[in-house]
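What follows is each chain in one-letter form.
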Amino acid sequence: MKVALLHNPRPTRTAPGLPDDAFEEYDRVETIAAITRALEALAGRVEPVAADRRLPWRLDAGGYDLAFNIAEGAGRRCREAVPAAVCELLDVPVTGSDALTLGLALDKALARRVVSPEVPVAPAVLVECLRDEDALASLPYPVVVKPNDEGSSKGIRDDCVAPDVAGAIERCRALRARYGCPVLVERYLSGTEVTVGITGNAAGAAVLGMMEIAAAGAAAAFVYSLEVKRDWRRRVRYHVPPRLPASMLARLERLALTAYRLLGCRDFARIDFRFDDAGEPCFLECNPIPGLDPENSDMVLLARPTRSYDALVQGILRDAAARAGLTIGRDGAR
């Protein structure tokens with residue numbers, strides 16, 4: 001089998017004028033190497049393929065049996081959908097969700113609308129222009145202010161919690177100016193944060209693991225911000241499984257699988273929740289192409305008690321191949 005590993009390599013420096021987190025979603029060379037090794041052990045031939053403007057030509061000429069997709073794409077709201085759409089255009093089977101789900105999940109406001117009311121969500125307002133700011137007075141405070149269509153905590157900094165309407169407006173305007181996208185203003189949830197990893201398809205979809213994400217010390221308003229992620233060894237503690245009653249873990253499992261199904265996820269995804277003041281879990285977002293950095297990606301960390309890194313990566317390929325009707329082999333695909 002010949003596999004194309006679709007990815008976006010992280011540049012060594014950020015161009016002037018761009019936010020310092022512009023390429024936060026892109027992958028380190030170490031991640032690409034680790035995934036390549038894991039796939040080669042199962043499928044044989046693996047070629048890293050950059051998901052840039054030349055992707056259609058590269059895929060068309062490569063003679064690939066399947067594409068393993070971890071590409072974040074380039075652009076704005078639909079960027080994550082483009083590599084998967086190219087695969088569909090060229091009839092190359094691809095791991096993970098299709099273009100529709102990838103575009104939907106990146107837009108946090110749309111994802112919330114799709115999963116609710118089956119999966120609870122916190123009160124929120126989408127701010128696309130100045131007149132939308134009037135609706136901010138209807139929210140309970142404090143609130144979290146974040147870009148509506150970004151991932152990897154881009155734009156979610158340590159100062160993202162606003163105590164009142166004036167603070168929310170100020171933060172909204174700063175984010176819209178810096179990232180050029182709508183801003184989601186969501187009630188700050190003070191409870192436990194849990195991320196749920198899911199693998200598989202249709203009736204075979206199952207929870208891989210759950211992980212609680214907690215502040216390493218006292219924090220008045222803990223947020224899994226970009227600064228926290230960059231300094232994760234010092235500022236965050238991961239608990240696998242979460243420190244929650246079995247009944248609540250079972251409920252989270254049901255909610256996560258429901259969100260996975262409603263959003264149309266395939267092969268693997270990560271669903272994030274946070275508990276409100278009353279102890280009720282609320283959907284935050286879905287990442288249908290969660291990071292696979294072998295050192296610190298959430299999906300990898302929550303899987304460690306039950307699945308090695310290579311088994312995690314190979315399982316994604318197996319699920320996609322089975323869905324496409326392919327048999328994996330080192331000597332070819334059929």
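As a reminder, the structure under discussion sits directly above these lines.
A short tour of the structure in this document, coming up.

Rules behind the numbers
Residues numbered from 1 in each chain as written. Predicted model: local features only at pLDDT ≥ 70, side-chain atom pairs only at ≥ 80, totals over all residues. Heavy atoms only, no water. Helix = DSSP H or I, 4+ residues; strand = E, 2+ residues; numbered from the N terminus. Rg over C-alpha atoms; globule rule 2.2 N^0.38 Å. Buried < 20%, exposed > 50% of the residue type's maximum accessible area, 1.4 Å probe, protein only. Contact = heavy atoms within 4.5 Å. Areas by Shrake-Rupley, 256 points an atom, 1.4 Å probe, with all protein chains shown as cover. Lys, Arg positive; Asp, Glu negative; His and termini not counted. Charge placed at Lys NZ, Arg CZ, Asp CG, Glu CD. Pairing = 2+ DSSP bridges. Axes fitted to C-alpha atoms, helices over the stretch in contact; angles between N-to-C directions.

## What to know about the overall build of the protein
Then, in step 1: Summing up its helical and strand segments, the protein has 11 helices and 12 strands in all.
Then, in step 2: Against the globule reference of 20 Å for 334 residues, the protein gives a C-alpha radius of gyration of 20 Å, in line with a compact fold.
Then, in step 3: Looking at the protein as a whole, 53% of its 334 residues qualify as buried.
Then, in step 4: Within the protein, residue pairs in contact and separated by at least 24 positions form 69% of the contacts whose partners lie at least 6 positions apart.
Then, in step 5: Surface exposure of the protein reaches about 14500 Å², of which carbon and sulfur atoms provide 51%.
Then, in step 6: Averaging the locations of the 43 positively and 46 negatively charged side chains of the protein gives two centres separated by 2 Å.

## Digging into the environment of L39
Then, in step 1: For L39, the position within the fold is in helix α1 (residues 29-43).
Then, in step 2: Put simply, L39 and I316 are 277 residues apart on the chain and 9.9 Å apart in space, counted from C-alpha to C-alpha.

## Describing the sheet that holds strand β8 (residues 193-200)
Then, in step 1: Overall, antiparallel pairing links the five strands, which are arranged β10-β9-β8-β11-β12 in an open sheet. Bordering the open sheet on either side are β10 (236-239) and β12 (281-287), each of which pairs with just one other strand. Strand-to-strand twist in this sheet, taken as the mean axis angle between neighbours without regard to direction, amounts to 25°.
Then, in step 2: When strand β11 (residues 267-275) meets β12, the two strands line up antiparallel, connected through six bridges.

## Examining helix α3 (residues 81-89)
One full turn of an α-helix is made of 3.6 residues, so residues set three or four places apart face in the same direction.
Then, in step 1: For α3, every residue scored as buried is listed here: A81, P83, A84, V86 and C87.
Then, in step 2: Contacts made by the buried residues of α3 are with β1 (2-7), α2 (55-62), β3 (66-69) and α4 (99-106).
Then, in step 3: In the segment just after α3, D91 is the residue with positive phi, at about 60°.

## Regarding the sheet that holds strand β5 (residues 143-147)
Then, in step 1: Strand order in this open sheet of four strands is β4-β7-β5-β6, and the pairing throughout is antiparallel. Two strands in the sheet have a free side with no partner beyond their single neighbour: β4 (124-127) and β6 (161-162).
Then, in step 2: Pairing of β5 with β6 involves two bridges; the strand directions are antiparallel. Opposite V144, over in β6, you have V161 as the bridge partner.
Then, in step 3: Sheet contacts for helix α6 (residues 165-179): β4, β5, β6 and β7 (183-187); angle to β5, the most-contacted strand, approximately 10°.

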